[in-house]
Amino acid sequence: MDALAIFKALSNPTRLQILEWLAHPAKYFDEDSYTQQDLGFHIGVCVGDIQGRSGLAQSVISGYLQGMKDVGLLESERIGKWTYYRRNETVIGEFREFVREKL
């Protein structure tokens, strides 16, 4: 875990907000479209849904998501032509512990 890279990723309000949304996806996204496809939020949330909620361009959101994945905060799964992102709770837990111990 690279704590400095994670701090940098979290320094953007939209990236921080995305992590919050993915912590409780049923609160922020419509689960019906997922269950109709025999999917659930356990696989993650589609990039298009995250982009729609953020109001930012898809290229910006895709970059944010990839950056958060690169530092370990997110995991992704590709199903067909769609990519779904979810939190990497293991790395988030390690980061939480780092902050607790070092700060």
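Residues numbered from 1 in each chain as written. Predicted model: local features only at pLDDT ≥ 70, side-chain atom pairs only at ≥ 80, totals over all residues. Heavy atoms only, no water.

Is there a simple way to think about the pattern of salt bridges in this case?
Any two side chains of opposite charge can pair if their charged atoms end up close together. Scanning the model with the defined rule gives four salt bridges in all. Here Glu75 ties to Arg86 by a salt bridge, and the two come within 3.3 Å at their closest N and O atoms. Linking Glu75 in strand E2 (residues 74-79) with Arg86 in strand E3 (residues 82-87), this pair joins segments that are 11 residues apart in sequence. When its relative accessible area of 31% is taken as the criterion, Glu75 is described as partly exposed. The residue Glu89 makes a salt bridge to Arg87 at a minimum N-O spacing of 2.6 Å. Exposure remark for Arg87: the relative accessible area of 16% places this residue in the buried category. (Salt bridge = Lys/Arg side-chain N within 4 Å of Asp/Glu carboxyl O. Helix = DSSP H or I, 4+ residues; strand = E, 2+ residues; numbered from the N terminus. Buried < 20%, exposed > 50% of the residue type's maximum accessible area, 1.4 Å probe, protein only.)

What am I meant to see in helix H7 (residues 89-102) here?
Helical periodicity: at 3.6 residues per turn, an α-helix aligns residues three or four positions apart in one direction. Along its 14 residues, H7 runs 20 Å from first to last C-alpha, staying within 8% of the 20 Å computed at 1.5 Å per residue. Those residues of H7 not exposed but buried are Val91, Ile92 and Phe95. What you see down the axis of H7 is that its buried residues fit within an arc of 100°, all on one side. Of the exposed residues in H7, the ones pointing more than 90 degrees away from its buried face are Thr90, Arg100 and Glu101. Next to the buried residues of H7 lie helix H1 (3-10), helix H2 (13-23) and E3. (Expected span 1.5 Å × (residues − 1). Arc of directions from axis to C-beta. Contact = heavy atoms within 4.5 Å.)

Would you explain a negative patch on the surface in this entry?
Residues Asp30, Glu31, Asp32 and Asp49 make up a contiguous surface patch of negative charge. Exposure remark for Glu31: the relative accessible area of 34% places this residue in the partly exposed category. (Patch = residues over 30% accessible without salt bridge, like charges linked within 9 Å, V, L, I, M, F, W, Y side chains within 5 Å. Areas by Shrake-Rupley, 256 points an atom, 1.4 Å probe, with all protein chains shown as cover. Lys, Arg positive; Asp, Glu negative; His and termini not counted. Charge placed at Lys NZ, Arg CZ, Asp CG, Glu CD.)

Help me out: how do you make sense of the environment of Leu103 in this one?
Structurally, the position occupied by Leu103 is in the segment after H7. Judged by its relative accessible area of 73%, Leu103 is exposed. In this structure, the C-alpha to C-alpha distance between Leu103 and Asp32, residues 71 residues apart in sequence, is 41 Å. Contact partners of Leu103, with chain neighbours within four places excluded, come to Phe7 and Phe98.

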